[in-house]
Amino acid sequence: MTTKPLPLTPELHAYLVAHGSAPDEIVRELTEETRAALPAEAGMQVAPEQAAFLTFLTRLLGVRQAVEVGTFTGLSSLAIARGLADGGRLTCFDISEEYTGIARRYWTRAGVQDRIELRIGPAAETLRELPRERHLDFAFIDADKVGYPVYWDELVPRMRSGAVIAVDNTLRGGRVLAPQDADDRAIAAFNDEVLADVRVDVVMLSIADGVTLARVR
Ligand SMILES: C[S@@+](CC[C@H](N)C(=O)[O-])C[C@H]1O[C@@H](n2cnc3c(N)ncnc32)[C@H](O)[C@@H]1O
């Protein structure tokens, strides 16, 4: 049994990325446009290999009802929408018309716009408008970090048994070990809360900036 962690050097990361399915032209152009139009914010976008993982996971789970909290220019939502089962739907939550204006264009280009509904507003409020029954198969949380506990509390009771919640940035560049700002502290506390939540089984993956997968019991 190997218990020694593998250091992910830049070379090994490049190898890993090169040996997964390559991003298509739409993903490449969305990434390039985001970097050009929003250089200061582009780092918020999920990594291309993470997008591929989201499509893989969504397809594997046969997701029909999905939610995303934190859409930005649309890479993760595009990835989730591409993995949905026939007739599947994704509801996206964000506060920015500007960022999601770019997302809408790429959804249309990829032909997934009919599967996606976008709701603009603070997600702590807009998530409450979702039906209160257990109807969701998949959720992806990637908005403001201090809001994660609220989004978690709104989503868990709405997930079907066996559904999965994926949460982004749960390693915070390694700073969960020694938090340096309010966002780091919020994620460190959130990770502890998730671990103690008896409604879910949890694994943390070291993809990109850390992705937690929680399977709802
Ligand atoms: C890290 S980015 C999301 C990146 C996206 N998942 C992607 O792959 O491109 C965070 C997003 O959360 C949104 N956001 C921030 N605070 C929010 C809030 N209170 N409610 C809803 N969305 C919020 C921001 O507008 C931003 O688009």
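Structure report, in brief. (Residues numbered from 1 in each chain as written. Predicted model: local features only at pLDDT ≥ 70, side-chain atom pairs only at ≥ 80, totals over all residues. Heavy atoms only, no water.)

1. Looking at the pairing of strand E5 (residues 159-168)
Condition: Partly exposed describes any residue whose relative accessible area lies between the buried limit of under 20% and the exposed limit of over 50%, with all areas from a 1.4 Å probe on protein chains only and scaled to the type maximum. Each helix corresponds to a stretch of at least 4 residues labelled H or I by DSSP, and each strand to a stretch of at least 2 residues labelled E; elements are numbered beginning at the N terminus. When DSSP finds two or more bridges between a pair of strands, those strands are recorded as paired. Looking down the strands as they point away from the viewer, one classifies a crossover as right-handed if the path from the first strand across the helix to the second runs clockwise.
Within E5, seven of the ten residues are buried, which leaves the element mostly enclosed by the surrounding structure. Strand direction decides the pairing type here: strand E4 (residues 136-141) and E5, joined by five bridges, are parallel. The residue of E5 that forms the bridge with Ala139 is Ile165. This β-α-β element, E4 to helix H7 (residues 148-155) to E5, shows right-handed connectivity. Bridge count between E5 and strand E7 (residues 211-216): five bridges; the pairing is antiparallel. Directly across from Val164, in E7, lies its bridge partner Arg215.

2. Side note on the nonpolar core
So the rule is basically this: Side-chain atoms within 4.5 Å link the members of a nonpolar core, which is a set of buried Ala, Val, Leu, Ile, Met, Phe, Trp, Tyr and Cys residues. Pairs of residues are marked as contacts when any of their non-hydrogen atoms sit within 4.5 Å.
With 34 residues, the main nonpolar core has Leu90, Trp107 and Phe138 as its most contacted residues. When near neighbours in sequence (up to four residues on either side) are disregarded, Leu90 contacts Ala66, Val67, Glu68, Ser77, Ile80, Ala81, Leu84, Arg115, Ile116 and Glu117. Among the nonpolar cores identified, the runner-up in size contains 25 residues, and Val69, Ala139, Tyr148 and Ala214 belong to it.

3. Overview of the site of the ligand
In plain terms, the rule: Neighbouring residues are identified by heavy atoms, a residue being near a molecule or strand if any of them is within 4 Å of it. The definition of a polar contact used here is a pair of N or O atoms within 3.5 Å, where within protein one atom must be able to donate a hydrogen and the other to accept one, and adjacent residues in sequence count solely through side-chain atom pairs. Surface exposure here means Shrake-Rupley accessible area, sampled with a 1.4 Å probe, where a residue is shielded only by the protein chains that are shown. Residue polarity follows a fixed list, in which Ala, Val, Leu, Ile, Met, Phe, Trp, Tyr, Cys and Pro are nonpolar, Asp, Glu, Lys and Arg are charged, and the others, Gly among them, are polar.
In the vicinity of the ligand there are 19 residues, among which Gly70, Ser76, Asp94, Ala123 and Asp142 approach most closely. Between Phe72 and the ligand, the recorded distance is 3.2 Å, taken from a backbone N or O atom to an oxygen atom. Surface burial for the ligand is 90%, taken as the share of its 610 Å² of free accessible area covered by protein chains. Here the residues of the shell around the ligand are counted per class, giving ten nonpolar, six polar and three charged.

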